[in-house]
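Chain and residue survey
Take a look at the letters that make up each chain.
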Amino acid sequence: MTIPNDTIDHIARLSHLKLSDQDKIRLAKNLGNIITFIDQVNAYEIPNPQASHTQEASQPLRPDEPFRSDLERDLIQQNAPAAEEGLYLVPDVIETSSE
Amino acid sequence: MLHHRSLMQLHDSLKSGEFSSLELTTHYLNRIKQLDGTLNSIITVSEDIALEQAKEADQRIADGKASALTGLPILHKDIFCTKGIKTSCGSRMLDNFVSPYNAFVVQQCQEAGMVMLGKSNMDEFAMGSSNENSFYGPVHNPWALNNIPGGSSGGSAAAVAARLTPIATGTDTGGSIRQPAALCGITGLKPSYGRVSRYGMIAYASSLDQAGPMAQSAEDCAMLLQTMAGHDPRDSTCSKQKVPDYLASLGESIKGKRIGLPKEYFSEHLDSHIADTIHAVAKQLESLGATLHEVSLPNTCIAPPAYYVLAPAECSANLARFDGVRFGYRCEDPKDLNDLYERSRSEGFGPEVKRRILTGTYVLSSGYYDAYYLKAQAIKQSITEGFLSVFNNNIDCLLTPTAPSTAFPLGNKVDDPIAMYLSDIYTIAVNLAGLPALSMPAGFDHAGLPIGAQLIGPHWSEAMLLNVAHQYQKTTDWHQQIPDFADSINT
């Protein structure tokens, strides 16, 4: 099975991945084989199907209290590719008119 | 030779003053320097920290404040966050990431006074069964340097097998502790889901990921699990189930233990040498007083496809956090925010990670969710019930092969993802059911490559699995076999 290009483009967009043409050729075949493989799930019959997540169904709670520490923020932002005065820097997100 | 000794023997030597933790640590650091250029099992060697921790451990021993693990060296899989030391998860994405905090597992080991030698190599984001998906290059199997060590905890397995460390941590989402343990001839335990906190362990598939020990023997695994296990409120799935004394029950007789051999794990497709080896393990356990019973787990064959729906689905969500903004890799000169996201992720992730993100996105996308994700969840439940029904029918534990083959040559399956995925055919169902399972060395194939036997038990039965494995290891010496490579130098 080969996955059509527009399907690959669609899931790549949803995944925020940019794929080269060569990536797409390789993925069309690989992903096709993977989807044929997992399609067995679709076809498999089980009596009384029930979805479940874990064997313990407890949901622990904790107090809803804010935690603030400038020191912690500074430490965390040492890993930021670009940060200034405690803020993360990214390219402009608001388009400006170039009159 | 120091590195031939077990963790327990090293503990006794430190306690008696035969040598210091600093001498022991220096010995292993020297071995790493001389041998790891060939193996590539370690991404970061933390020599300065190790020497510092060893001195502190020696002081603690002198003060009479040592625990069972004080002064013993350990290698952590590079998936565990380590404060002040790079935590890469085997990815270019985190090549520049220095964690501001320690994972629970790292913290526990540190509090016990263990000495961290470094961070072990792994498949990128724990996605792989051969350790060929690491940004830092493949790991070589010390039993055959042109072969894979298994994955994703391949660096930990190879390092323990080559005696570059007495013990290591690993993580197991679909077999990533047990399969490399089998292929490298060591003992590895995947605990029950919820037994060990996932805090600070970089997530792949959160409902399946679990940390565990990788060591020379079941006894050594028991020593480390004692420290790794326990409740941690920072992981909401971490259990409050009491942690038993794992060492105390190791010596119990296994007389009367009922061991199940699931017929689906011994089909005609299984390599005959591996089948014979597992049957020899069964006979050995029988000679120790256990009884053998054929059982059936009818949903076994559907476990791998169900896993490859659920794990990629979770990974596609978990890895959405890597966007080039707050930490990790960022592309050069992004033209806008979308370009920043897309190029950072495309350049930062390797091919297998991208494949799993895309697969996960596909199965969760509109129109496919019920057919794949919900159905796979139902299969997961059905597989769990299948195991529980066997255990409720007076079976104490199951004995199976760990992997369908021994270590294959590097590059053999890189172009065939399905063949690679099926390397975990005997380990995956355990993760779906959240059960504990252990792989122990059980023999060698014609080429001299290790074969692993897997023991699977009911939830929270780690002590029983370790007991059965320890009794087996008391009467066999497969776990004491060391590859020639480990003794190819004079230290």
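Only a predicted model underlies this, so the values are computations on that prediction, with no experimental measurement involved.

1. Brief notes about the overall build of chain B
Check the secondary structure of chain B and you find 15 helices and eleven strands. For chain B, the proportion of its 491 residues judged to be buried stands at 62%. Once local pairs closer than 6 in sequence are excluded, the contacts in chain B between residues at least 24 apart make up 76%.

2. Thoughts on helix H9 (residues 303-318) of chain B
The terminal C-alpha atoms of H9 of chain B, which comprises 16 residues, lie 22 Å apart, in line with the 22 Å expected from a rise of 1.5 Å per residue. When you tally the buried positions in H9 of chain B, you get 14 out of 16 residues, the bulk of the element.

3. What to know about the domain arrangement of chain B
All names here are of chain B. For chain B, the assigned domains read domain 1 (2-258 + 474-487) and domain 2 (303-376). Measuring from the centre of the C-alpha atoms in domain 1 to the corresponding centre in domain 2 gives 29 Å. For the side of domain 1 that touches domain 2, the residue count by class is ten nonpolar, seven polar and three charged.

4. Topic: the packing of H9 of chain B against helix H11 (residues 351-364) of chain B
All names here are of chain B. Their axes nearest at 7 Å, the elements H9 and H11 cross at an angle of 100°. By the angle between their axes, H9 is roughly perpendicular relative to H11. Residues Val309, Pro312, Ala313, Cys315 and Ser316 of H9 touch H11, and the partners they reach there are Arg356, Ile357, Thr359, Gly360, Thr361, Val363 and Leu364. Grouping the amino acids of the contact of H9 with H11 by side-chain chemistry returns seven nonpolar, four polar and one charged.

5. Points about the pairing of strand E5 (residues 187-190) of chain B
Each regular strand shows side chains that alternate between the opposite faces of the sheet. Residues and elements named next belong to chain B. Taking every second residue as pointing to the same face, both faces of E5 are buried, with Thr187 and Leu189 on one and Gly188 and Lys190 on the other. Where E5 lies against strand E10 (residues 437-444), three bridges are found, and the strand directions are antiparallel. Within E10, the position partnered with lysine 190 by the bridge is alanine 437.

6. Some points on unusual backbone geometry
Residue serine 152 of chain B is reached from glycine 151 of chain B by a cis peptide bond, and omega for that bond is 10°. Here the phi dihedral of glutamate 85 of chain A falls at roughly 50°; this positive angle occurs in a residue that is not glycine. Mapped onto the elements of the fold, glutamate 85 of chain A is located in the loop between strand E1 (83-84) and strand E2 (87-88).

7. Section: the pairing of strand E3 (residues 115-120) of chain B
All names here are of chain B. Burial runs high along E3: six of the six residues are buried. Pairing of strand E1 (residues 42-45) with E3, which is carried by three bridges, proceeds in the antiparallel orientation. Of the residues in E3, the one forming a bridge with valine 45 is glycine 118. Pairing geometry for strand E2 (residues 73-77) and E3, over five bridges, is parallel. Opposite lysine 77, over in E3, you have serine 120 as the bridge partner. Regarding the hand of the β-α-β motif, the stretch spanning E2, helix H4 (residues 104-111) and E3 is right-handed.

8. A few points about the environment of proline 483 of chain B
Residue and element names in this part refer to chain B. Inspection of the secondary structure assignment puts proline 483 in the segment after helix H15 (462-474). With 21 C-beta atoms counted inside 10 Å, the residue proline 483 sits in the buried group. For the pair proline 483 and serine 439, spaced 44 residues apart in the sequence, the C-alpha separation amounts to 18 Å. Dropping the residues within four chain positions of it, proline 483 is found in contact with Pro142, Trp143, Ala161 and Ala162.

9. What about the nonpolar core?
Inside soluble globular proteins, nonpolar side chains tend to come together where they are buried. Formed by 162 residues in total, the largest nonpolar core has its most connected members in Ile74, Val105, Ala306 and Val309 of chain B. Sort the elements by how many residues they give to this core and H9 of chain B lands first, with nine residues. Composition of this core by domain shows at least three residues from each of domain 1 (2-258 + 474-487) and domain 2 (303-376) of chain B. The residues touching alanine 306 of chain B, leaving out its near neighbours within four places in the chain, are Val41 of chain A together with Ala376, Ile379, Lys380 and Leu432 of chain B.

10. Some words on the confidence of the model for chain B
With 100% of its residues at a pLDDT of 70 or more, chain B has an overall mean of 97. Model confidence for the complex is summarised by a pTM of 0.96, with the ipTM given as 0.91.

11. A closer look at the environment of phenylalanine 408 of chain B
Residues and elements named next belong to chain B. With respect to the element layout, phenylalanine 408 can be found in the loop between strand E9 (397-401) and helix H13 (417-421). On the basis of neighbour counts, which here come to 21 C-beta atoms within 10 Å, the residue phenylalanine 408 falls in the buried class. In this structure the C-alpha to C-alpha distance between phenylalanine 408 and asparagine 146, which are 262 residues apart in sequence, comes to 8.6 Å. If sequence neighbours within four positions are ignored, phenylalanine 408 has contacts with Asn147, Ile148 and Lys413.

12. Structural notes on helix H8 (residues 272-287) of chain B
All names here are of chain B. Its 16 residues give H8 an end-to-end C-alpha distance of 22 Å, which sits within 8% of 22 Å, the value for a rise of 1.5 Å per residue. Taken together, the buried positions of H8 are Ile274, Thr277, Ile278, Val281 and Leu285. End-on view of H8: buried residues confined to an arc of 95°, all on one side of the axis. Among the exposed residues of H8, those pointing more than 90 degrees away from its buried face are Ser272, Asp276, Lys283 and Ser287. Residue glycine 289 follows H8 closely and has a positive phi angle near 110°.

13. Some remarks on the interface of chain B and chain A
Each side of the interface is counted separately: chain B has 53 residues, and chain A has 39 residues. Looking at the side of chain B that touches chain A, the elements that each hand over two or more residues are H9, helix H10 (337-348), H11, helix H12 (369-392) and H13 of chain B. In terms of residue count, the dominant contributor to the side of chain B that touches chain A is H12 of chain B (ten residues). Among the residues making up the side of chain B that touches chain A, the classes are represented as 27 nonpolar, 16 polar and ten charged.

14. A look at the packing of helix H2 (residues 21-43) of chain A against H12 of chain B
Angle between the axes and distance between the axes are the two parameters that describe a pair of packed helices. The geometry of H2 of chain A relative to H12 of chain B is characterised by a closest axis approach of 8 Å and an angle of 65° between their N-to-C directions. In this view, H2 of chain A runs roughly perpendicular relative to H12 of chain B, as classed from their interaxial angle. Classified by chirality, the crossing of H12 of chain B by H2 of chain A is left-handed. For the pair H2 of chain A and H12 of chain B, the contacting residues are Ile38, Val41 and Asn42 of chain A in the first and Ala371, Tyr372, Lys375, Ala376 and Ile379 of chain B in the second.

Cut-offs applied
- Residues numbered from 1 in each chain as written.
- Chains lettered and ligands numbered in written order.
- Predicted model: local features only at pLDDT ≥ 70, side-chain atom pairs only at ≥ 80, totals over all residues.
- Helix = DSSP H or I, 4+ residues; strand = E, 2+ residues; numbered from the N terminus.
- Buried ≥ 20, exposed ≤ 12 C-beta atoms within 10 Å, placed from the backbone.
- Contact = placed C-beta atoms within 7 Å.
- Expected span 1.5 Å × (residues − 1).
- Domains from an automatic or database assignment.
- Nonpolar A, V, L, I, M, F, W, Y, C, P; charged D, E, K, R; others polar.
- Axes fitted to C-alpha atoms, helices over the stretch in contact; angles between N-to-C directions.
- Parallel < 35°, antiparallel > 145°, perpendicular 65-115°, else oblique.
- Pairing = 2+ DSSP bridges.
- Right-handed = clockwise from strand over helix to strand, strands pointing away.
- Core = buried A, V, L, I, M, F, W, Y, C linked by C-beta atoms within 7 Å.
- pLDDT = per-residue confidence, 0-100.
- Arc of directions from axis to C-beta.
- Left-handed = near helix turned anticlockwise from the far one by under 90°.

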